[in-house]
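Listed here are the chains, written in short residue letters.
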Amino acid sequence: MTTTAPSTPGVQLLEVSPEYAGQRIDNFLLARLKGVPKTLIYRILRKGEVRVNKGRIKPEYKLQAGDVVRVPPVRVPERDEPVPLAQGLLQRLEASIVFEDKALIVINKPAGIAVHGGSGLNFGVIEAFRQLRPDAKELELVHRLDRDTSGLLMIAKKRSMLRHLHAALRGDGVDKRYMALVRGHWATAVKQVRAPLLKSNLRSGERMVEVNEEGKEALTVFKVLRRFGDFATMVEAKPVTGRTHQIRVHTLHAGHCIAGDSKYGDDDFTREIRELGGKRLFLHAYMLTVPLPDGGELKLQAPVDEMWAKTVERLSAP
């Protein structure tokens, strides 16, 4: 990316270099205007103050090499004044790294930490790692996990790795597996749930997803891992498609909601699990297999946290 001289004070004209071709304009701006509130970035996009080749565009517009992006005057905090994050959080995330090389970081994300700031949060995993790795100028999330879901999360350190993994995610090159503790006796014969999912936003701004014929195709493959009588089942979930809240809504659709799910769960089941010490959403991304650009393959597993492990131990007690 090269920057030409601003045409008026405060206005930036950014020329898109080939390595950023295909990136959405909103993600492009979020990466370049670090520290600017997400709501402000979407507001200037919505109002048409951001122009590409002198024309208005939508937030989902995908950039092309050679595009010239006009950014209106916005105050960007200086590089040395990021929102200071608690040292304890930074140390916790540093300790959560399960793999790192020159192009990729994979962490075992703790439950309760958002992957990025927004919706009232000043920070998330990506903002923290930009402070932990200040020399890595191209840090971007490869994919997302819900705030209350724990487990393996990929962060690209280089644009080339981000493009490679996005291509793999669009195909069938990435194998992601989750563990979920669900209510009741999951029948062994139920090996998959195929049900279209539709997103909607409530008045509060909260995002909800439901099974709806007008939604996008969604498929999750399931396998029983362990039973706890007829009370609960530990299942493995492999999302073939990658829809928002897919596993949580598909387990509900199958009649077996996930323990601790405040949006799609069962209050009585959640309360009983909480009484055993399980005060979290019982959904964990525990296994990941990804192809690497050199033709190799990265296989990782992430253990569950102590709360999860102790709750399952108590569930198993006679």
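Sequence order as written defines residue numbering, which begins from 1 separately in each chain. Per-residue local features are limited, in this predicted model, to residues with pLDDT of at least 70; the limit for side-chain atom pairs, both in listing and counting, is 80 or more; totals at the level of whole chains, interfaces and linings are taken over all residues. Only hydrogens and water are set aside when side-chain values are computed; all heavy atoms of the structure are taken into account.

1. Some thoughts on the UniProt feature "active site" (unreviewed entry) in the protein chain
For clarity, the threshold we go by: UniProt positions are given in the numbering used here, feature names are shortened, and annotations may be inferred rather than shown by experiment. A helix here means a DSSP run of H or I that spans at least four residues, while a strand means a run of E at least two residues long, and both kinds are numbered starting from the N terminus. The contact criterion used throughout is that any non-hydrogen atoms of two residues lie within 4.5 Å.
As recorded in UniProt, the sites labelled "active site" (unreviewed entry) are Asp146. Tracing the backbone shows Asp146 in the loop between strand 8 (140-141) and strand 9 (150-156). Not counting residues up to four positions away in its chain, the partners in contact with Asp146 are Lys109, His245 and Arg248.

2. A word on the domain arrangement of the protein chain
In plain terms, the rule: Each domain's extent was defined by an automatic or database domain assignment. By buried area we mean how much accessible surface two parts lose on assembly, using a 1.4 Å probe and totalling the loss over both. We define a polar contact as two N or O atoms separated by no more than 3.5 Å, with the added condition that, inside protein, one atom must be a possible hydrogen donor and the other a possible acceptor, whereas residues neighbouring each other in sequence contribute only through side-chain atom pairs. Residue polarity follows a fixed list, in which Ala, Val, Leu, Ile, Met, Phe, Trp, Tyr, Cys and Pro are nonpolar, Asp, Glu, Lys and Arg are charged, and the others, Gly among them, are polar.
The domains assigned to the protein chain are domain 1 (12-71), domain 2 (85-171) and domain 3 (173-317). Computed over C-alpha atoms, the centres of domain 1 and domain 2 are 22 Å apart. Listed as interface residues are 6 residues of domain 1 and, on the opposing side, 8 residues of domain 2. Between domain 1 and domain 2, the buried area comes to about 680 Å², and carbon and sulfur atoms account for 39% of it. Of all residues in domain 1, Glu19, Lys34 and Lys38 bury the most surface against domain 2, accounting for 57% of the area lost on that side. On inspection of domain 1 and its partner domain 2, the count reaches 3 residue pairs in polar contact (both at pLDDT 80 or more). Split by residue class, the side of domain 1 that touches domain 2 holds 2 nonpolar, 1 polar and 3 charged.

3. Section: the layout of surface pockets
Take a probe with the size of a water molecule and roll it over the atoms, and the empty space left behind shows itself. Worth spelling out the cut-off: The definitions used throughout rest on a 1 Å grid laid over the protein atoms alone, on which a cavity is an enclosed set of points accommodating a 1.4 Å probe that cannot get out and a pocket is an open set flanked by protein within 12 Å on both sides along at least five of seven lines; lining residues are those having an atom within 4 Å of a point. Grid points are joined across faces, edges and corners, and a volume is the space filled by probe spheres set on the points.
Each pocket or cavity is described by its volume, and for the second largest pocket that value is around 240 Å³. What lines the second largest pocket is a set of 13 residues, and nearest its centre among them are Arg92, Asn108, Lys109, Pro110 and Asp305. Along the lines of polarity and charge, the residues of the lining of the second largest pocket split into 5 nonpolar, 4 polar and 4 charged. Three or more residues apiece are contributed to the lining of the second largest pocket by two domains, here domain 2 (85-171) and domain 3 (173-317).

4. Remarks on the pairing of strand 16 (residues 283-291)
We apply this condition: Throughout, exposure labels follow a simple rule: accessible area from a 1.4 Å probe, protein chains only, divided by the maximum for the residue type, with under 20% read as buried, over 50% as exposed, and the rest as partly exposed. Paired strands, as defined in this entry, are two strands with at least two bridges between them according to DSSP.
Among the 9 residues that make up strand 16, 7 are buried, leaving the element largely enclosed by the rest of the structure. Across 2 bridges, strand 9 lies against strand 16 in parallel orientation. For Ser150, the partnering residue across the bridge sits in strand 16 and is His284. Here 6 bridges tie strand 10 (residues 175-183) to strand 16, and the two strands are oriented antiparallel to one another. By the bridge assignment for strand 16, Asp175 is matched with Thr289. Judged from the 5 bridges that link them, strand 16 and strand 17 (residues 297-301) form a sheet pairing that is antiparallel. Within strand 17, the position partnered with Met287 by the bridge is Gln301. Taken together, strand 16 and the strand that follows it, strand 17, pair antiparallel across an intervening segment of 5 residues, in which Gly295 is found at a positive phi of about 95°.

5. What to know about the nonpolar core
What counts here: What is meant by a nonpolar core is a set of buried Ala, Val, Leu, Ile, Met, Phe, Trp, Tyr and Cys residues, joined one to another through side-chain atoms within 4.5 Å.
The biggest cluster of nonpolar side chains holds 46 residues, and the ones touching the most others in it are Leu93, Val125, Phe129, Ile155, Leu181 and Ile258. Each of two domains, domain 2 (85-171) and domain 3 (173-317), supplies a minimum of three residues to this core. Aside from chain neighbours lying at most four places away, what touches Leu181 is Phe228, Ala232, Thr233, Met234, Cys257, Ile258, Ala259, Phe269, Ile273, Phe282 and Leu315. Val106, Val142, Met161 and Ala168 belong to the second-largest nonpolar core, a separate cluster that totals 18 residues.

6. Things to note about empty space enclosed by the protein
Applying the stated criterion across every chain yields a total of 1 cavity of 30 Å³ or more. Every residue lining the largest cavity is listed: His143, Leu145, Leu152, Lys176, Arg177, Tyr178, Ala285, Met287 and Leu288. Taken together, the elements giving at least two residues each to the lining of the largest cavity come down to strand 10 and strand 16. Residue assignment places the lining of the largest cavity across two domains, with domain 2 (85-171) and domain 3 (173-317) each supplying three or more.

7. Details of the packing of aromatic side chains
Here is the rule: Pairing of aromatic side chains requires ring centres within 6.5 Å, counting the rings of Phe and Tyr and the six-membered ring of Trp. Pairs whose planes differ by under 30 degrees are stacked, by over 60 edge-to-face, and all others tilted. For a lysine, the NZ atom is tested; for an arginine, the CZ atom; a charge sits over a ring if that atom is within 6 Å of the ring centre and within 35 degrees of the ring normal.
Within this structure, the stated rule accounts for 4 aromatic pairs. With a centroid separation of 5.4 Å and 65° between ring planes, the pair formed by Phe231 and Phe269 is classed as edge-to-face. Of the two residues, Phe231 sits in the loop between strand 14 (219-228) and strand 15 (232-239) while Phe269 sits in helix 7 (residues 267-275), which places them 38 residues apart along the sequence. Under the relative-accessibility criterion, Phe231 is labelled partly exposed at 26%. The class for Phe269 is buried, based on a relative accessible area of 2%. Here Phe282 and Trp308 contribute two aromatic rings whose centre-to-centre distance is 4.9 Å and whose plane-to-plane angle is 40°, an arrangement assigned as tilted. Here Trp308 lies in helix 8 (residues 306-316) and Phe282 lies in the loop between helix 7 and strand 16, a separation of 26 residues in the sequence. For the pair Phe282 and Trp308, a shared accessibility class is recorded, and that class is buried. Cation over ring: Arg32 sits above Phe28, and NZ or CZ is 4.1 Å from the ring centre.

8. A closer look at the pattern of salt bridges
What counts is decided by this rule: In what follows, salt bridge is the name for a side-chain nitrogen of Lys or Arg lying within 4 Å of a carboxyl oxygen of Asp or Glu.
Applying the stated criterion across every chain, the model contains 14 salt bridges. A salt bridge links Glu217 to Arg194, with the shortest nitrogen-to-oxygen separation between them at 3.0 Å. Remark: Arg194 occurs in strand 11 (residues 192-194) and Glu217 occurs in the loop between strand 13 (207-211) and strand 14; sequence separation between them is 23 residues. Notably, a salt bridge pairs Asp268 with Arg271, separated by 3.0 Å at the nearest N-O pair.

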